[in-house]
Amino acid sequence: MRIAIIGAGGVGGYFGARWALAGEDVVFIARGQHLAAMQSDGLKVLSPNGDLHLRPAQATDDAATVGVADLVIVATKLWSTDEAIATAKPMMGPGSVIVSFQNGVEAVDKLIAAFGRERVLGGVANIAALIETPGVIRHNGTMAMLQFGELDGRRTDRVLALETACKRAGIDARVPNNISEAIWQKFVFLASLSAMTTLTRLPLGPLREDPDTRALFESLAEEVVDIARARGVKLADGTVEAMLQRLDALPPEMVASMLGDLQRGNRLELPWLSGAVVKLGRELRVPTPTHEFVHAALKLHADGRHPSARPV
């Protein structure tokens, strides 16, 4: 399978390297020092699931030279979605399919608008990984799972082909009956965790143990569930309780990547997390007061550390 991956960071780099070593024809679309390192010394993945060194790694910053791909994967930060769509266009042939493994819930609609519903899969990535240094991906923990599927739930040949490729590469892959539900279930978790850890500048442990901050977690999750249901996504009645149970099972030192971005003075995915909840709530006339507060408290740092702020 010819797989083109736009974004060779934690998600794209980790899974792409494993596919490539298992024999898939993988090309990475990257840029800057990370691209230069991949071109000169390949791509290294440091992981409790097994280190690997993909050398050589097919990597370029010019998608027009790649040719048509069977599968195009978008694995960039959310603010780069429009740019990723433009990058994908020369690699999309008549039989190509595209899937986003980004955070958030808005990428699928953007891909449908650009390429048509019949050429889009839904996707969810569950992994904690990042670029440690140029050319090196650091995987934290052992969780590394992909979920994907047709938007109408059919188990098509192209979904089965991707599932087979994952099995060959030793990747935990699942094809849920309803990929839209899976996307929103992750969003309930991620929007809540990102909001709480970034707002308080604290890891998960103390936040879930204190009754007041635990109640805030619950309010944040409930607002996302209300938005999902208003959009016709049938999340189960116990979705919020399941999220809290998941939080209780995670390491106490865990934080969302958005907190790391805030601490480093980097751009935040806030507009596509709590900001998206607020925007959708206004469109659907669903109250989202907790996410509105989080968004207002953090939005002055959304484009990077505010010039009036002291380093965190």
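The structure under discussion appears in the preceding block.
Residues numbered from 1 in each chain as written. Predicted model: local features only at pLDDT ≥ 70, side-chain atom pairs only at ≥ 80, totals over all residues. Heavy atoms only, no water.

(A) Geometry of helix H2 (residues 32-41). Among all positions in H2, only His34, Leu35, Ala37 and Met38 are buried. Mapping the buried residues of H2 onto a view down its axis gives an arc of 165 degrees, with all of them on the same face. Turned more than 90 degrees away from the buried face of H2, the exposed residues are Gly32, Gln33 and Ser40. Packing partners of the buried residues in H2 comprise strand E2 (25-29), strand E3 (43-46), strand E5 (59-60), strand E8 (120-133) and strand E9 (136-150). Positive phi shows up at Gly42, right after H2, with a value of about 80 degrees. (Buried < 20%, exposed > 50% of the residue type's maximum accessible area, 1.4 Å probe, protein only. Helix = DSSP H or I, 4+ residues; strand = E, 2+ residues; numbered from the N terminus. Arc of directions from axis to C-beta. Contact = heavy atoms within 4.5 Å.)

(B) Structural context of the side chain of Arg208. With respect to the secondary-structure elements, Arg208 resides in helix H7 (residues 204-209). Asp248 is the oppositely charged side chain nearest to the buried, salt-bridge-free Arg208, at an N-O distance of 4.6 Å. A polar atom in the side chain of Arg208 sits 2.5 Å from the backbone oxygen of Leu247. Beyond its immediate sequence surroundings of up to four residues, Arg208 is in contact with Arg214, Phe217, Leu247, Asp248, Ala249, Leu250, Pro251 and Pro252. (Lys, Arg positive; Asp, Glu negative; His and termini not counted. Salt bridge = Lys/Arg side-chain N within 4 Å of Asp/Glu carboxyl O. Polar contact = N/O pair within 3.5 Å; in protein donor to acceptor, adjacent residues only side chain to side chain.)

(C) Local environment of the packing of helix H6 (residues 179-200) against helix H11 (residues 274-284). Running from amino to carboxyl end, H6 crosses H11 at an angle of 115 degrees, the nearest separation of the two axes being 9 Å. Along its contact with H6, which presents Trp184, Phe187, Ala191 and Ala195, the element H11 presents Ser274, Ala276, Val277 and Leu280. Its residues assigned to classes, the contact of H6 with H11 shows seven nonpolar, one polar and no charged. (Axes fitted to C-alpha atoms, helices over the stretch in contact; angles between N-to-C directions. Nonpolar A, V, L, I, M, F, W, Y, C, P; charged D, E, K, R; others polar.)

(D) The nonpolar core, seen in detail. One finds Val72, Ile98, Trp184, Phe187, Phe217 and Leu247 to be the most contacted residues of the largest nonpolar core, which totals 64 residues. The element that contributes the greatest number of residues to this core is H6, accounting for twelve residues. For Trp184, the residues in contact, after removing those within four places along its chain, are Val105, Val224, Ile227, Ala228, Arg231, Val233, Leu235 and Leu280. Counting residues in each nonpolar core, the second largest holds 40 residues, with Ala8, Leu35, Phe148 and Ala173 among its members. (Core = buried A, V, L, I, M, F, W, Y, C linked by side-chain atoms within 4.5 Å.)

(E) Layout of the side chain of Asn103. Along the chain, the position of Asn103 falls in the loop between strand E7 (92-100) and helix H4 (107-115). In terms of polar contacts, Asn103 uses its side chain to reach the side chain of Glu269, at 3.2 Å. Beyond its immediate chain neighbours, meaning those up to four positions away, Asn103 contacts Leu78, Lys186, Leu190 and Glu269.

(F) Representation of helix H1 (residues 10-21). Compared with the 16 Å implied by 1.5 Å per residue over twelve residues, the 17 Å span of H1 between its first and last C-alpha is a close match. Among the twelve residues in H1, ten count as buried, and that is most of the element. By the burial criterion, the buried members of H1 are Gly10, Gly12, Gly13, Tyr14, Phe15, Gly16, Ala17, Arg18, Trp19 and Ala20. Positive phi appears at Gly23, one or two residues downstream of H1, with a value of about 110 degrees. (Expected span 1.5 Å × (residues − 1).)

(G) View of the packing of helix H3 (residues 81-88) against H4. At a closest axis distance of 11 Å, the pairing of H3 and H4 adopts a crossing angle of 35 degrees. Helix-helix and strand crossings are classified by hand; for H3 and H4 the assignment is right-handed. Mapping the contact onto sequence places Thr81, Asp82, Ile85 and Ala88 in H3 and Lys110, Leu111, Ala114 and Phe115 in H4. Tallied by class, residues from the contact of H3 with H4 come to five nonpolar, one polar and two charged. (Left-handed = near helix turned anticlockwise from the far one by under 90°.)

(H) Focus on the packing of aromatic side chains. Evaluated as defined, the whole model comprises four aromatic pairs. Both rings, one in Phe15 and one in Trp19, keep their centres 6.4 Å apart while their planes meet at 40 degrees; by these two values the pair is tilted. Taken together, the residues Phe15 and Trp19, both in helix H1 and four residues apart, mark about one turn of the helix. Each of the two residues, Phe15 as well as Trp19, counts as buried. Judged by centre distance (6.4 Å) and plane angle (55 degrees), the rings of Trp79 and Trp272 are tilted. Taken together, the positions of Trp79 in the loop between strand E6 (69-74) and H3 and Trp272 in the loop between helix H10 (257-264) and H11 put the pair 193 residues apart, joining distant regions of the chain. (Phe/Tyr/Trp six-rings, centres within 6.5 Å; stacked < 30°, edge-to-face > 60°.)

(I) Region of interest: the pairing of E8. Alignment of E7 against E8, held across two bridges, turns out to be parallel. Note on E8: the bridge partner recorded for Ile98 is Val120. Bridging between E8 and E9 involves eleven bridges; their strand directions are antiparallel. Looking at E9, one finds that Ala129 is bridged to His139. (Pairing = 2+ DSSP bridges.)

(J) Seen up close, unusual backbone geometry. Residue Pro56 is reached from Arg55 by a cis peptide bond, and omega for that bond is 5 degrees. Note on placement: Pro56 falls in the loop between strand E4 (52-54) and E5. Residues other than glycine seldom take positive phi values, yet Arg201 does so here, at roughly 60 degrees. Inspection of the secondary structure puts Arg201 in the loop between H6 and H7. Located in the positive-phi region is Arg285, a residue other than glycine, with phi close to 60 degrees. Residue placement: Arg285 occurs in the loop between H11 and helix H12 (289-298).

Remember, this is a structural readout, not a statement about activity or role.
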